Amino acid sequence: MSEKLSTQPYKGTRDFYPQEMRLRNWFFGVMRRVLETAAFEEYNGPMLESLELYAAKSGEEIATKQTYNFVDRGDRRLALRPEMTPTVARMVAGKLNDLVFPLKWFSIPNMYRYEAPQRGRLREFWQLNVDIFGCDTYEADLDCITSAIEIMRAFGADETMFTVHINNRRFFNDVLAAITGTDGDGAKAVSKVIDRRGKVPRDIYERDLTALGLNAEQIAGIDALYGMTVEEATALCPESVGSGELLSLFSMLKKAGLDRYCVFDFGIVRGLDYYTGTVFEVFDNAPENNRAMFGGGRYDNLVGLFVKNAKVSGVGYGMGDVTLENFLVTHGLVPDFGTDRVRVLVTRFDDVPYEAYLKLVEDLHRAGVPATVYLGARKYGKQLEYAVKGGFTHTLTMGGDEYARGTVRLKNLATREETELPASAEEIAKRV
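Engineer: Kindly report on the sheet that holds strand β3 (residues 69-71), identifying the contributing residues and their values.
Structural biologist: An order of β2-β4-β3 is seen for the three strands of this open sheet, with the pairing classed as antiparallel. The outermost strands of the open sheet, each flanked by one partner alone, are β2 (48-50) and β3. Neighbour-to-neighbour, the strand axes of this sheet turn through a mean angle of 35 degrees, independent of strand direction. Pairing of β3 with strand β4 (residues 77-80) involves three bridges; the strand directions are antiparallel. Bridge pairing in β4 places Asn-69 opposite Ala-79. Relative to β2, helix α2 (residues 51-58) is tilted by about 60 degrees, and along the sheet it contacts β2, β3 and β4.

Engineer: Before we move on, can you summarise the packing of helix α5 (residues 138-154) against helix α11 (residues 241-255) with the specific residues and values?
Structural biologist: When two helices pack together, their arrangement is given by the angle between the helix axes and by the axis-to-axis distance. Following both chains from N to C, one finds α5 and α11 inclined at 45 degrees, their axes separated by 10 Å at the closest point. The orientation of α5 with respect to α11, classified from their angle, is oblique. Crossing of α5 against α11: the hand is right-handed. Residue-level inspection shows Tyr-138, Asp-141, Leu-142 and Ile-145 of α5 in contact with α11, the latter providing Glu-245, Ser-248, Leu-249, Met-252 and Leu-253. The residue inventory of the contact of α5 with α11, partitioned by class, reads six nonpolar, one polar and two charged.

Engineer: Lay out the packing of aromatic side chains with the relevant residues and their values.
Structural biologist: Throughout the structure, instances matching the rule amount to 17 aromatic pairs. Taken together, a centroid distance of 5.3 Å and an interplanar angle of 85 degrees make the contact between Tyr-68 and Tyr-114 edge-to-face. Note that Tyr-68 is positioned in the loop between α3 (60-65) and β3 and Tyr-114 in the loop between β6 (110-112) and β7 (124-133), a separation of 46 residues in sequence. Ring pairing ties together the aromatic residues Phe-171, Phe-172, Tyr-226, Phe-264 and Phe-266, which thus form one cluster. One residue, Arg-24, lies across the ring of Trp-126, its end atom 4.5 Å from the ring centre. The ring of Phe-40 is capped by Lys-104, whose NZ or CZ atom sits 4.4 Å from the centre of that ring.

Engineer: Account for helix α8 (residues 202-211), naming residues and giving values.
Structural biologist: Turning to α8, its buried residues are Tyr-205, Asp-208 and Leu-209. Taken around the axis of α8, the buried residues stretch over an arc of 100 degrees, which confines them to a single face. Structural note: α8 exposes Asp-203, Arg-207 and Ala-211 on the side pointing more than 90 degrees away from its buried face. Directly beyond the C-terminal end of α8, a positive phi value near 100 degrees is found at Gly-213.

Engineer: Could you give an account of the packing of helix α6 (residues 169-180) against helix α9 (residues 216-225), with specific residues and numbers?
Structural biologist: Axis separation between α6 and α9 bottoms out at 9 Å; the angle between their running directions is 145 degrees. Relative to α9, α6 is oriented so that their crossing is right-handed. Listed contacts from α9 to Val-175, Leu-176, Ile-179 and Thr-180 of α6 are Gln-218, Gly-221, Ile-222 and Leu-225. Class assignment of the residues belonging to the contact of α6 with α9 gives a composition of five nonpolar, three polar and no charged.

Engineer: Provide a residue-level description of the pairing of β4, including the pertinent values.
Structural biologist: In this structure, β2 lies alongside β4, joined through three bridges in antiparallel fashion. Pairing of Ser-50 across the sheet is with Leu-78, part of β4. Counted along the chain from β3 to the antiparallel partner β4, the turn is five residues long, and its residue Asp-75 has a positive phi close to 65 degrees.

Engineer: Describe in detail the nonpolar core, supporting the description with residues and values.
Structural biologist: Residues Met-31, Leu-128, Phe-162, Ile-166, Phe-266 and Tyr-317 are the most contacted members of the largest nonpolar core, which totals 70 residues. By size, the runner-up hydrophobic cluster in this structure holds 23 residues, among which are Tyr-43, Val-92, Leu-302 and Val-303.

Engineer: Please set out the side chain of Asn-129 residue by residue, giving values where relevant.
Structural biologist: Summarising the element assignment, Asn-129 is placed in strand β7. There is a polar contact of 2.9 Å between the side chain of Asn-129 and the side chain of Gln-127. Ignoring any residue separated from it by four or fewer positions in sequence, one finds Asn-129 in contact with Tyr-43, Met-84, Trp-105, Phe-106, Ser-107, Pro-109, Met-111, Tyr-317 and Gly-318.

Engineer: An account of the pairing of strand β15 (residues 394-397) is needed here, citing residue identities and associated values.
Structural biologist: Where a strand is regular, its side chains alternate between the two sheet faces. Side chains His-394 and Leu-396 of β15 all project onto a buried face; the interleaved residues Thr-395 and Thr-397 project onto the opposite face, where all are buried too. Across three bridges, strand β13 (residues 344-346) lies against β15 in parallel orientation. Across the sheet, the residue bridging to Val-344 is His-394, located in β15. Across four bridges, the pairing between β15 and strand β16 (residues 407-412) is antiparallel. Looking at the pairing, Thr-395 lines up with Lys-411 of β16.

Engineer: Talk me through a nonpolar patch on the surface; I want residue IDs and the actual numbers.
Structural biologist: On the surface, a cluster of nonpolar side chains totalling about 300 Å² of accessible area is made up of Tyr-354, Leu-358 and Leu-375. Within the fold, Leu-358 resides in helix α13 (residues 354-366).

Engineer: Please provide a residue-by-residue account of the pattern of salt bridges, values included.
Structural biologist: Counting across every chain of the model gives 25 salt bridges. The partner of Glu-42 in a salt bridge is Arg-32, with the nearest N and O atoms 3.0 Å apart. A residue pair is termed long-range when its members are at least 10 positions apart, and Glu-42 in strand β1 (residues 41-42) and Arg-32 in helix α1 (residues 18-37) qualify at ten residues. Judged by relative accessible area, Arg-32 falls into the partly exposed class, the value being 29%. Measuring nitrogen to oxygen at the nearest pair gives 3.7 Å for the salt bridge that ties Arg-121 to Glu-115. Three or more residues joined by partner-sharing salt bridges are found here, namely Arg-197, Arg-202, Glu-206 and Asp-223.

Engineer: Got a sec to walk through the side chain of Ser-243? Specific residues and values, please.
Structural biologist: Within the element layout of this structure, Ser-243 appears in helix α11. Sequence-distant contacts of Ser-243, defined by excluding residues within four places in its chain, comprise Phe-171, Thr-234, Cys-237 and Pro-238.

What counts and how
- Residues numbered from 1 in each chain as written.
- Predicted model: local features only at pLDDT ≥ 70, side-chain atom pairs only at ≥ 80, totals over all residues.
- Heavy atoms only, no water.
- Pairing = 2+ DSSP bridges.
- Helix = DSSP H or I, 4+ residues; strand = E, 2+ residues; numbered from the N terminus.
- Axes fitted to C-alpha atoms, helices over the stretch in contact; angles between N-to-C directions.
- Contact = heavy atoms within 4.5 Å.
- Parallel < 35°, antiparallel > 145°, perpendicular 65-115°, else oblique.
- Left-handed = near helix turned anticlockwise from the far one by under 90°.
- Nonpolar A, V, L, I, M, F, W, Y, C, P; charged D, E, K, R; others polar.
- Phe/Tyr/Trp six-rings, centres within 6.5 Å; stacked < 30°, edge-to-face > 60°.
- Lys NZ or Arg CZ within 6 Å of the ring centre and 35° of its normal.
- Buried < 20%, exposed > 50% of the residue type's maximum accessible area, 1.4 Å probe, protein only.
- Arc of directions from axis to C-beta.
- Core = buried A, V, L, I, M, F, W, Y, C linked by side-chain atoms within 4.5 Å.
- Polar contact = N/O pair within 3.5 Å; in protein donor to acceptor, adjacent residues only side chain to side chain.
- Patch = residues over 30% accessible without salt bridge, like charges linked within 9 Å, V, L, I, M, F, W, Y side chains within 5 Å.
- Areas by Shrake-Rupley, 256 points an atom, 1.4 Å probe, with all protein chains shown as cover.
- Salt bridge = Lys/Arg side-chain N within 4 Å of Asp/Glu carboxyl O.

Printed below as a string of structure tokens:
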């Protein structure tokens, strides 16, 4: 091999050194604690799935272009999972008669999408997936949205930092039909244009709506919805099932004291066709990072892809690790991981049996103190230098004299304070 191998990871993926892993383990831990407290249970599925699974949900073209896919040695078309919803729907369908509904499940898997890397979007990413199956009413929508708010609050975020924008696809389709006189397929076509409203110039937006047969008055009627409260908007279509769902949801958000985090937003559509009811997106309010971070909604027909005539309602959301990390950094919510953890380095000397150090470290582990003996043979000064550069918080010194007296010298590397105390793991644990 004439050229050296690159030290860079594959485009759109990341290396995670210990400092980055501390951050990730922290925020994944926060998510787990919040969700387990709310009685959600964790699951996982395979990284490899049949390509057919994604083609059935999103269409063959999208499935093949946006996935890492291949044909295996058994001539099966497989893909690295680009999302988790089809997998969890398959899992629910696979044990449909054994599961007790409603289900409250979550997972934090890594996934892969073949797309151009950009801020907030990479080819490999981790995503929290939260889903509730088997509850047909707005209570499941409320539970999902509440869990998202509680996760954000657990990170230290308040209502000035993020906002949950909420709409309803049933209401959306019904009010569009009322304004434009179109049918379900027509409403779907209009929704695709509306979903791009903030991403294209105004003249392009109006041109595309006009091409679908809308006149200026109808476009103005749609525009007016963006400035309405949920009460004003639903009054335009009071018979819509979606109107009732929106009003019930916002009423209960207010009673729960969560309405300060939430707004009605007619522009929230969620482009995927499988959403059937409540849809929402969580926005970062920081001017320098003002964007949708994550979202989800109700999908009442995915399990039917696997079991004929199965009717299991679902509602859920996905929170990506990349956009979450951007949010936490932007708002200064990442803790200093070096100040709240203990790591002890036991230095070593030739006149003390090595097994004495091993026994001391073993006792420290049993006492719950993270510790290691220095590996190798170097001068004491070099061992101290390693401790400082390696992020240790304390050193334990047991030379020949200390070993003979049954003591150790504990040094706090932050304060430089050094104390001699009995070589007892329990005594040391009290001081670190």
